[in-house]
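Reading the structure
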Amino acid sequence: MRVIVSTTNGGLEDRVNPAFGRTPTFTIVDVENGSIINVQVVPNPGYSQPKGAGVTAAQFVIDRGANAVISGQFGPNSSRVLQAAGIRMVSAPATMTVREAVEAFLRGELTGATFGPEGGGYGRGMGRGMGSGRGRGMGRGGGYGPGNR
């Protein structure tokens, strides 16, 4: 089983990063028969992207063969991609080390995922101010104000 954890510096003693898409590194943990057999730290290719960090990070995790991902929370775009690929998402508090989080996951103590906004809390502006102005000042005249009598 391959578990990938969002981390700042990486390694088993690093803490779980609260962000998934914008985490600086991923710690890849290979587990066999309930024991950690291999650990690798890799940079997140989506970390410094101006847009689409969550999707890039999710695709990277998929390409690395993850069975499960542990992070503080997952944004809507990354969670859709991970869910579509059948990868299990699990949240862990930022106070946990990677080792503690993986071991808790293996014991069945970490089961749910926390979902939040993509990009660290800043919305994408979808749905705000995107109207075409219909119904607001787009009339063709014909009213009964001065000049239309």
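Analysis parameters
Residues numbered from 1 in each chain as written. Predicted model: local features only at pLDDT ≥ 70, side-chain atom pairs only at ≥ 80, totals over all residues. Heavy atoms only, no water. Pairing = 2+ DSSP bridges. Helix = DSSP H or I, 4+ residues; strand = E, 2+ residues; numbered from the N terminus. Axes fitted to C-alpha atoms, helices over the stretch in contact; angles between N-to-C directions. Contact = heavy atoms within 4.5 Å. Phe/Tyr/Trp six-rings, centres within 6.5 Å; stacked < 30°, edge-to-face > 60°. Buried < 20%, exposed > 50% of the residue type's maximum accessible area, 1.4 Å probe, protein only.

Looking at an unreviewed UniProt entry, the protein carries the name Dinitrogenase iron-molybdenum cofactor, with the source organism given as Thermococcus celer Vu 13 = JCM 8558.

**Quick notes on the sheet that holds strand E1 (residues 2-7)**
Strands sit in the order E3-E2-E1-E4-E5 across an open sheet of five strands; the sheet is mixed. Where the open sheet ends on each side, the last strands, each with one partner, are strand E3 (35-43) and strand E5 (88-91). Strand-to-strand twist of the sheet, defined as the mean angle between neighbouring strand axes without regard to direction, takes the value 20°. Pairing between strand E4 (residues 68-71) and E5: four bridges, direction parallel. Along E5, the bridge assignment pairs Ser-71 with Ser-91. Docked against the sheet, helix H1 (residues 53-63) engages E1, strand E2 (25-32), E3 and E4, running at close to 25° with respect to E2.

**A short note on the packing of aromatic side chains**
The geometry of an aromatic ring pair is captured by the separation of the ring centres together with the interplanar angle, meaning the angle of the planes. Using the criterion set out here, one finds three aromatic pairs in the structure. Consider the rings of Phe-20 and Phe-26, whose centres lie 5.5 Å apart with planes at 45°: the pair is tilted. What makes Phe-26 buried here is its relative accessible area of 0%. Plain terms: the ring middles of Phe-20 and Phe-74 are 5.4 Å apart, the flat faces sit at 40° to each other, and that makes the pair tilted.

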